[in-house]
Every structure is written in C-alpha cells, then in structure tokens.
Amino acid sequence: MLTYFQATVIGAVQGVTELFPISSLGHSVLVAAWLGGDWEKLTGEGESSAGTPYLAFVVALHVATAVALLGYYWRDWCVIVAGFFTTLRTGRLDTIPQRLAWSIVVATIPVGVLGFLLEHPLHALFGTPFYAGIFLALNGIVLIVGEGLRRRNEPSLAEYGRRFARREARRGTLTAEAETRRQSDRPLAALGTADALGIGFAQVGALLTGFSRAGLTMVGGLSRGLAHEHAAKFAFLLATPAILGAGVLELPELVGPQTEGIRGPVLFGAIVSGVSSWLAVRFLERYFQTRTLLPFAMYCIVAGTLSVVHFS
C-alpha cells in the first residue's frame, strides 16, 4: 500500500529531479532501494513493476510535472502553438514562435518514436539500483563533457541575434514582431533543423534509468553553443510534450483497478510533484543565468558511484 507520507516524499523527489539534470527515474529507483523495506517493495525491479500501483502512481507524477510546465510557460506555449498553426497555413517559418514551434516538433520525434518502442524493454533490463547507479555516474560525466563542448563552441549571444536577424532580413519578415518577443528567445529561433534533431536524439538517452532527460537535452543545446539559460529553457519546453505524451499513453494504468484504495495518496503525491516541479523550474531559470552544470555533475558522479558500490 502507498501511504500519504510515501506519496509526499516520492512526489517531491520526482518533481525536482525531473527538471534538475540528475534523473528522476534513476532517483525513483535509488531512493526506494536505499531506504529499503516497504519503500523498495513499492517499486519492484524490472518487469515485476509492470501493472503495479507504483507504475500508476509514477504516471500521475509525470502528468503533474507536465501540467506544471504548461502552467509556468503558458504565455510561451500560446504563441508557440499559434506560430505552429500559422506555419501550417502559410508554409513559412518567418517568426521566432514559428521557428521555435517546429524546433520542438522536430526534436520530439526521436524520443516519441524510440521511447514508444524501447522504454519498457530498457527499463526491464536496466531498472535496478545497480544499473541506475552506473548510468547516474555516467550522466555526471556527460554533464562535464557538455560544459567542455560549450566552452569550445561558444558563440556569443550577439552572434546568435545577428544570425537570426540576417534570416529575417533575407525573408523580408516582420522584425517588429520579433522584437516583441524576449531577447532570450532569439538564440532558440536560430537553431536549425539539424540542431533540433541532434538535441532530440540526445534526449533519447534518458530512456536508460539514471540518465537525465533535462541534463542530456541541455548538453545537446550547449554543444550547439547555447548559453545555459537558453539550453535550460529549450529543455523545459521540449520536456513538456514528451512527458505529457508518455503520461497520456499510460493513463489506463492510472484509472485501472491497480489504483483502487490508494487514489487519495496518488492524487496528493501528484499535487506535491506539480508544486515541486513549478518551484524547480523557477529556481533553475534563475540559476542558469550565472551558473553551470558542474555541481549537478559532481553530485551524480558521487551518488552514482556510492550506489554502484552499495548495490554491487
């Protein structure tokens, strides 16, 4: 049985770790394993967790995180969705919202296809504390590599702005409209199709328990020269359809007989997850204006290594 206390703890951990670059799925396995007892029995290992109340609970937490992201970025999503439908009507990619909309679409394709095919088999193979520790440590190394790629490929924000301005000028677009958007969105609009696709494939690595979706997506953005704050925003926007889509596909688990008797804790845990996700994205937006991924990388390496030693 899932208690309210367990739902609160797991909901808070899920909400924070889904957006921090430290792997929510890895922590859902490792936290329960480290605590042991009734906590470990909640998750099961590999295929034994399929069809359990815990799986339905995780679905609710993911949906809550996606709803929190939609709420936080609702102004951005309004113009992005409008830009998407405008492009369908006109066949042009003239404005920042239009280009950003299609970057999100392109970057979502890899995880949408491969996630549908591989998510459950990979979790069945590697969803144990030992493998989660290995991949968490490797996630930390990837974050360090991303920082190195950022420094090596670092173009200035001014250059990104000039690049998009040149594209606008060549197409004769409405630069006044672009000026109404925040300056920080210009680098995202400058991403090309290959850039978006590369970032999308980076996100696929999070199908392995211990790798962070947000972290890998940010590394993909950093490798293309985005500043940390821009890479983080694109990661959060990109996570929204991926998390929400996965949650919708698993909704039968949430409304099925597995949740009978625990729907109160499930709902409460989802609320905690949504609130913690909102606070996490608000904190990280400010954090990445001046700081890097290195503290998260060190945490992942230490926590992952300790877990490997403990569960080996």
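Residues numbered from 1 in each chain as written. Predicted model: local features only at pLDDT ≥ 70, side-chain atom pairs only at ≥ 80, totals over all residues. Heavy atoms only, no water.

Draft legend 1. Layout of the overall build of the protein. Each helix and strand counted, the protein has 16 helices and zero strands in total. A sequence separation of at least 24 residues applies to 81% of the contacts in the protein between residues at least 6 apart. Entry remark: accessible area of the protein is about 13,900 Å², with carbon and sulfur atoms responsible for 68%. (Helix = DSSP H or I, 4+ residues; strand = E, 2+ residues; numbered from the N terminus. Contact = heavy atoms within 4.5 Å. Areas by Shrake-Rupley, 256 points an atom, 1.4 Å probe, with all protein chains shown as cover.)

Draft legend 2. Highlighting empty space enclosed by the protein. As enumerated under the stated definition, the model contains three cavities of 30 Å³ or more in all. Every residue lining the largest cavity is listed: Ile10, Val13, Gln14, Ser24, His27, Ser28, Val31, Ala32, Trp39 and Tyr54. Sort the elements by how many residues they give to the lining of the largest cavity and helix 2 (residues 24-35) lands first, with five residues. Across the lining of the largest cavity, the residue classes break down as six nonpolar, four polar and no charged. Here the second largest cavity defines a volume of roughly 50 Å³. Along its surface, the second largest cavity is lined by Ile10, Gln14, Ser24, Leu25, Ser28, Tyr54, Val58, Leu61 and His62. Looking at side-chain class alone, the lining of the second largest cavity contains five nonpolar, four polar and no charged residues. (1 Å grid on protein atoms, 1.4 Å probe; cavity = no way out; pocket = protein on both sides within 12 Å on 5 of 7 lines; lining within 4 Å. Points joined across faces, edges and corners; volume = space filled by probe spheres on them. Nonpolar A, V, L, I, M, F, W, Y, C, P; charged D, E, K, R; others polar.)

Draft legend 3. Examining the environment of Phe234 more closely. You can see Phe234 is positioned in helix 13 (residues 228-249). With 38 residues separating them in the primary sequence, Phe234 and Ala196 have C-alpha atoms 9.9 Å apart. Excluding residues within four positions of it along the chain, Phe234 makes contact with Leu100, Ser103, Ile104, Ala107, Leu188 and Ile199.

Draft legend 4. Quick look at the pattern of salt bridges. For the coordinates displayed, the defined rule picks out three salt bridges. A salt bridge links Arg213 to Glu18; its shortest N-O distance comes to 3.5 Å. With Arg213 in helix 12 (residues 213-223) and Glu18 in the loop between helix 1 (4-17) and helix 2, the pair connects residues that are 195 residues apart, well separated along the chain. Accessibility classification places Arg213 together with Glu18 in one group, the buried group. Residue Lys233 is joined to Asp76 by a salt bridge in which the shortest nitrogen-to-oxygen separation is 2.9 Å. (Salt bridge = Lys/Arg side-chain N within 4 Å of Asp/Glu carboxyl O. Buried < 20%, exposed > 50% of the residue type's maximum accessible area, 1.4 Å probe, protein only.)

Draft legend 5. Quick peek at the nonpolar core. Leu69, Ile104, Phe234, Phe236, Phe288, Leu293 and Phe296 are the most contacted members of the largest nonpolar core, which totals 45 residues. In terms of residue count, the dominant contributor to this core is helix 13 (nine residues). Apart from the residues within four sequence positions on either side, Phe296 is in contact with Phe20, Pro21, Ile22, Leu143, Leu284, Tyr287 and Phe288. In terms of nonpolar packing, the next biggest core, distinct from the first, is built from 15 residues, Tyr54, Phe57, Val58 and Ala270 among them. (Core = buried A, V, L, I, M, F, W, Y, C linked by side-chain atoms within 4.5 Å.)

Draft legend 6. Representation of the side chain of Gln203. Inspection of the secondary structure puts Gln203 in helix 11 (residues 193-204). The residues contacting Gln203, other than those within four sequence positions of it, are Ala107, Val111, Arg213, Thr217, Leu238, Ala239 and Ala242.

Draft legend 7. Spotlight on the side chain of Ser28. Here Ser28 shows up in helix 2. At 2.7 Å, the side chain of Ser28 and the backbone oxygen of Leu25 are in polar contact. (Polar contact = N/O pair within 3.5 Å; in protein donor to acceptor, adjacent residues only side chain to side chain.)

Draft legend 8. A look at the packing of aromatic side chains. According to the stated counting rule, one finds 16 aromatic pairs in the structure shown. Ring centres of Tyr287 and Phe288 lie 5.0 Å apart, and the angle between their planes is 85°; this geometry places the pair in the edge-to-face category. A residue is classified by how much of its surface remains accessible, and Phe288, at 2% relative accessible area, is buried. Put simply, the rings of Phe20, Phe283, Tyr287, Phe288 and Phe296 pair up and form one aromatic cluster. (Phe/Tyr/Trp six-rings, centres within 6.5 Å; stacked < 30°, edge-to-face > 60°.)

Draft legend 9. Representation of unusual backbone geometry within the structure. Here Ser23, not a glycine, exhibits a phi torsion of approximately 75°, which is positive. With respect to the element layout, Ser23 can be found in the loop between helix 1 and helix 2. For Ser23, a relative accessible area of 1% puts it in the buried group.

Draft legend 10. Here's a closer look at the confidence of the model for the protein. Looking at the protein, pLDDT values average 84 and 84% of them are 70 or higher. Helix 9 (residues 175-180) is the least confidently modelled element of the protein, averaging 46 in pLDDT, while helix 16 (residues 294-311) averages 97, the highest of any element. In this model residues 46-50 is a low-confidence stretch, pLDDT under 50, and it forms eight contacts with partners more than four residues away in sequence or in other chains. Across residues 173-182, where pLDDT falls below 50, the model places 18 contacts with residues more than four positions away in sequence or in other chains. (pLDDT = per-residue confidence, 0-100.)

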